[in-house]
Amino acid sequence: MSALKIEKGSSRHSAYDLRNPNDEIIETHTLAVVVDNEAGVLARVIGLFSGRGYNIDSLTVAEVDHMGHRSRITVVTSGTPEVIVQIKAQLGRMVPVHAVHDLTADGPSVERELALLKVTGTGEKRVEALRLADIFRANAVDSTLESFIFSIAGSPDKIDAFTELMRPLGLTEIARTGVAALTRGPK
Amino acid sequence: MAQQMTGARMVVQALKDQGVDVVFGYPGGAVLPIYDELFQDQGIKHILVRHEQGAAHAAEGYARSTGKPGVVIVTSGPGATNAVTGITDALMDSIPMVVLTGQVPTFMIGSDAFQEADTVGITRPCTKHNWLVKDTDALAATIHQGFHVATSGRPGPVLIDIPKDVQFATGTYLSPTEAPVGHYQPRVRGDVEMITALVEALETAERPIFYTGGGVINSGVLASQLLRDFVDATGFPITSTLMGLGAYPASGKRWLGMLGMHGLYEANMAMHDCDLMINIGARFDDRITGRIADFSPESRKAHIDIDPSSINKVVRTDFPIVGDVAHVLEDALRIWKARGRRLNKPALAKWWAQIEEWKAIRCLTYKRSETTIKPQYALERLEALTKKYDRFICTDVGQHQMWAAQFLNFDAPNRWMTSGGLGTMGYGLPASIGVQVAHPDALVINVAGDASFLMNIQEMGTARQYDLPVKQFILNNERLGMVRQWQELLHGQRYSHSWSEALPDFVKLAEAFGGKGFLVSDPKDLDDAIMEMIAYDGPVIFDCLVEKHENCFPMIPSGEPHNKMLMGDAKTQDAISTSGAVLV
């Protein structure tokens, strides 16, 4: 490293020059947090987000290793790049946390979410709902003469798009699971 | 050899196996089985406090003055909630502490039982980790893991909530060596490449400074020694946060004094103008940085911290090094020596000349008085008359705390106990009790304010019961001095509720508690009274009536950078700008 030649008044070598010029840009990241499935672990993780003012856009939790009592928490969060780094560091230092994976930063990943939509109506709207469901590869998992429940799996964007289309066709209720995600490739 | 025993017995056994010789606590319904075991086993000394907050602060004092974890035992419900302030204080200042709380029996949890509180829920954000143990077989391993978590990595408080039926039931005891090791193993060695990069930077630095904090003390005595070696070998100036005082001796040649809001002029100016800042175990707290955008604008910054989340949290770092202070300093020293101990000596000489100019301002100068005791004068005399002792100083929170940090000098680590991060009034008396328990023959002084002192006054009873000769040195201005100072600076001298109209007679109070009281108001009587206080073998309340309207200077007004300090003769009206006013 070269000598520090800093002129008085200059901030050329200031740490602040390292600051990302896109500082105020809000990024959305999908984090996978592998934790011990012990009592209160979800409250602990959520408490970190609320206590420090971080956002949770989506949250999915389930035990993924029954023998090892490990759960995987997939959380979609948003914030400036600094905040995202800080969230990962704060999660990483928690005692029951084994690993924090940033699926957005670690390269391409697959994200899937499941949604159930109840659409009620008759006549042309009902036919149109069924037709669109077919296009989106949503399945009708319950049907009456004036309603369907569609099951759709896909990226959150796809589910958003399908939801918007169903709204004028009689969408009355929706349940979404939140995102499950894995990085692509063998690792 | 795994043994069968009750949960309550396990608690005592586990504490003994962890090397605990003293606990601070208060019994109640949900911990009666544990107290029964303490009664039958004299291996652990129990200090009965008068309020559970006192137990937590006493454990903090014990921990800070010994480097060992402090242990607290309290009952369910109010016992646990009363301890919360002390637990939060320990979290903010990274003090290792193990808190054992009783809980209603497992089959009654959730029924709003008598003295039931969701202790793990309440303490989740104020502990490093906590556990509710529902199975006696898991109790011993959980306690051992609790000690491991409290003392590894960045230290902090842990809490173990033990329902009463778990204490009565019999299970298998595991010793610390038999208990499963958790995966929690924070990294202690720093990245060698980054340490080398830092060494390269310090070889050429023109205006370097060491900025050290409580992490050096927490890392242990070796870290303080290595820091001294490093500072002496490089000749770099060193300043420290409130929490780090004593890691480098105040009598050392390179010492600039404390930095920050009420830090010394030379320390803050050097921080502002440096070109290489080496942060060792400090966390860029807002009391230190002032206005972030103008914080040390020309420097490259190294940050050595065992907690990865501290790095780049507040200030962007050029040399981030995650690791234990002692390990990293050892590596840095070794690498620097191996590369030929290079330094930019001509530039350093100029840097020191500049620093000497700042020092010559003598920022701690205050207006002396023949008739009233200036708080600064009281501390100067206390310093002069006690420095020959290996003394331990605690403080409460406020002006007196800052004056104590400015006017008392510390040449060794673990001699200075103060509530830094949380700023807990009422910390000092119970903390001094914890210190005195750990060091029965030492001179232990709590520098207090009249308002802070009353917040845990009941602990005088504890001091008397255990013959702890703690000296409570009150700088009594009949005011909430720091609140009053801010009201003067910021709120047009409207002193809203910041004075005490009905203070007790502290001398009588001392006598009522079985101690000795001193009342001093004339500067001429001060020395003799201090000598008498030191000589008295028992708890003392020293009521030192000081100037009521003294402000604590120097001061960086909130929202201002390091080079805009208010000095002792500053005009105080409107000293804080509108944007600074919203800051604490």
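Residues numbered from 1 in each chain as written. Chains lettered and ligands numbered in written order. Predicted model: local features only at pLDDT ≥ 70, side-chain atom pairs only at ≥ 80, totals over all residues. Heavy atoms only, no water.

1. A short note on the overall build of chain A
Broken down by element type, chain A carries 4 helices and 9 strands. Every one of the 187 residues in chain A was classed for burial, and the buried ones make up 39%. For chain A, the proportion of contacts with a sequence separation of at least 24, taken over those separated by at least 6, is 71%. Accessible surface computed for chain A: about 10300 Å², of which carbon and sulfur atoms make up 55%. (Helix = DSSP H or I, 4+ residues; strand = E, 2+ residues; numbered from the N terminus. Buried < 20%, exposed > 50% of the residue type's maximum accessible area, 1.4 Å probe, protein only. Contact = heavy atoms within 4.5 Å. Areas by Shrake-Rupley, 256 points an atom, 1.4 Å probe, with all protein chains shown as cover.)

2. Points about the overall build of chain B
The helix and strand tally for chain B stands at 23 helices and 20 strands. Whereas a compact globule of 584 residues would reach a radius of gyration of roughly 25 Å, chain B reaches 24 Å, a difference of no more than 12%. Judged by the C-alpha coordinates and their principal axes, chain B covers about 70 × 60 × 45 Å. Split into buried and exposed, the 584 residues of chain B put 63% on the buried side. (Rg over C-alpha atoms; globule rule 2.2 N^0.38 Å.)

3. What about empty space enclosed by the protein?
Residue and element names in this part refer to chain A. Considering all chains together, one arrives at 1 cavity of 30 Å³ or more under this definition. There is about 30 Å³ of room inside the largest cavity. If you go around the largest cavity, the residues you meet are Val119, Thr120, Gly121, Arg126, Glu146, Ser147, Phe148 and Leu169. When grouped by side-chain class, the residues that make up the lining of the largest cavity number 3 nonpolar, 3 polar and 2 charged. (1 Å grid on protein atoms, 1.4 Å probe; cavity = no way out; pocket = protein on both sides within 12 Å on 5 of 7 lines; lining within 4 Å. Points joined across faces, edges and corners; volume = space filled by probe spheres on them. Nonpolar A, V, L, I, M, F, W, Y, C, P; charged D, E, K, R; others polar.)

4. Regarding the pairing of strand S1 (residues 27-36) of chain A
Residue and element names in this part refer to chain A. In terms of residue burial, S1 counts as a mostly covered element, since 8 of its 10 residues are buried. Alignment of S1 against strand S3 (residues 70-79), held across 10 bridges, turns out to be antiparallel. Note on S3: the bridge partner recorded for Glu27 is Gly79. Bridge count between S1 and strand S4 (residues 97-102): 5 bridges; the pairing is antiparallel. If you follow Ala32 over to S4, its bridge partner there is His101. (Pairing = 2+ DSSP bridges.)

5. A look at the domain arrangement of chain A
Residue and element names in this part refer to chain A. We note that the domain assignment places domain 1 (27-102) and domain 2 (109-183) within chain A. Computed from C-alpha atoms alone, the centre-to-centre distance between domain 1 and domain 2 is 28 Å. In this assembly, 7 residues from domain 1 lie in contact with 7 residues from domain 2. At the boundary of domain 1 with domain 2, total buried surface from both sides reaches about 480 Å², with 44% on carbon and sulfur atoms. The largest per-residue losses of area from domain 1 upon contact with domain 2 belong to Thr30, Thr60 and Arg72, which jointly make up 59% of the total buried on that side. One can count 0 salt bridges joining domain 1 with domain 2. For the pair domain 1 and domain 2, the number of links is 4 residue pairs in polar contact (both at pLDDT 80 or more). (Domains from an automatic or database assignment. Buried area = accessible area lost by both parts, 1.4 Å probe. Salt bridge = Lys/Arg side-chain N within 4 Å of Asp/Glu carboxyl O. Polar contact = N/O pair within 3.5 Å; in protein donor to acceptor, adjacent residues only side chain to side chain.)

6. Regarding the packing of aromatic side chains
One pass over the full model with this rule turns up 17 aromatic pairs over all chains. With a centroid separation of 5.8 Å and an interplanar angle of 80°, the aromatic rings of Phe284 of chain B and Phe295 of chain B are classed as edge-to-face. Of the two residues, Phe284 of chain B is situated in the loop between strand S12 (276-280) and helix H12 (286-289) and Phe295 of chain B in the loop between H12 and strand S13 (300-305); the sequence distance between them amounts to 11 residues. On the basis of relative accessibility, which here comes to 2%, the residue Phe284 of chain B falls in the buried class. Among the aromatic residues, those joined into a ring-pair cluster are Phe136, Phe148, Phe150 and Phe162 of chain A. Stacked on the ring of Phe148 of chain A, the Lys or Arg Arg126 of chain A has its end atom at 4.3 Å from the ring centre. The positively charged end of Lys516 of chain B is found above the aromatic ring belonging to Phe518 of chain B, 5.2 Å away from the centroid. (Phe/Tyr/Trp six-rings, centres within 6.5 Å; stacked < 30°, edge-to-face > 60°. Lys NZ or Arg CZ within 6 Å of the ring centre and 35° of its normal.)

7. Some remarks on the layout of surface pockets
A probe as big as a water molecule, rolled over the atoms, marks out the empty space that is left. Looking at the second largest pocket, its volume works out to about 1200 Å³. As for the second largest pocket, its lining consists of 37 residues, of which Arg52, Gln90 and Arg93 of chain A together with Asp307 and Ser309 of chain B are closest to the centre. For the lining of the second largest pocket, the secondary structure elements donating two or more residues are helix H1 (41-51) and helix H2 (81-92) of chain A together with helix H4 (78-92) of chain B. The leading source of residues in the lining of the second largest pocket is H1 of chain A, at 6 residues.

8. Here we look at unusual backbone geometry
Between Phe553 of chain B and Pro554 of chain B the backbone carries a cis peptide bond, its omega angle lying at -5°. With respect to the element layout, Pro554 of chain B can be found in the loop between strand S20 (540-545) and helix H23 (578-581). Backbone geometry places His69 of chain A, a non-glycine residue, at a positive phi of 50°. Positive phi, close to 55°, is recorded for Arg362 of chain B, a residue that is not glycine. Within the element layout of this structure, Arg362 of chain B appears in the loop between helix H14 (345-359) and helix H15 (375-386).

9. Structural notes on the sheet that holds strand S17 (residues 444-449) of chain B
All names here are of chain B. Read across the open sheet, the 6 strands follow the order S16-S15-S17-S18-S20-S19; overall the sheet is parallel. The sheet is open, and its two borders are formed by strand S16 (416-417) and strand S19 (516-520), each paired with just one other strand. Docked against the sheet, helix H16 (residues 399-407) engages strand S15 (392-395), S16, S17 and strand S18 (471-476), running at close to 135° with respect to S17. (Axes fitted to C-alpha atoms, helices over the stretch in contact; angles between N-to-C directions.)

10. Details of the sheet that holds strand S9 (residues 208-212) of chain B
Residue and element names in this part refer to chain B. Spatially, 6 strands are ordered S11-S10-S9-S12-S13-S14 in an open sheet, and the strand pairing comes out parallel. Every other strand in the sheet has two partners, leaving strand S11 (255-258) and strand S14 (319-322) as the edge strands with one partner each. The average undirected angle you get between the axes of adjacent strands in this sheet is 15°. Judged from the 4 bridges that link them, S13 and S14 form a sheet pairing that is parallel. Across the sheet, residue Asp305 finds its bridge partner in S14, namely Val322. Across the sheet, helix H10 (residues 221-234) lies against S9, strand S10 (238-240) and S12, angled at about 165° from S9, the strand it touches most.

11. Some points on the environment of Gln399 of chain B
Residues and elements named next belong to chain B. Looking at the secondary structure, you find Gln399 in helix H16. Gln399 sits in the buried class, given a relative accessible area of 4%. Each C-alpha atom, one on Gln399 and one on Gly449, is 7.9 Å from the other, the two residues being 50 residues apart in sequence. Beyond its immediate sequence surroundings of up to four residues, Gln399 is in contact with Asn477, Gly481, Met482, Gln485, Glu550, Asn551 and Cys552. Reaching out from Gln399, the side chain makes a polar contact with the backbone oxygen of Gly481 at a distance of 3.4 Å. Separated by 3.0 Å, the side chain of Gln399 and the backbone oxygen of Glu550 make a polar contact.

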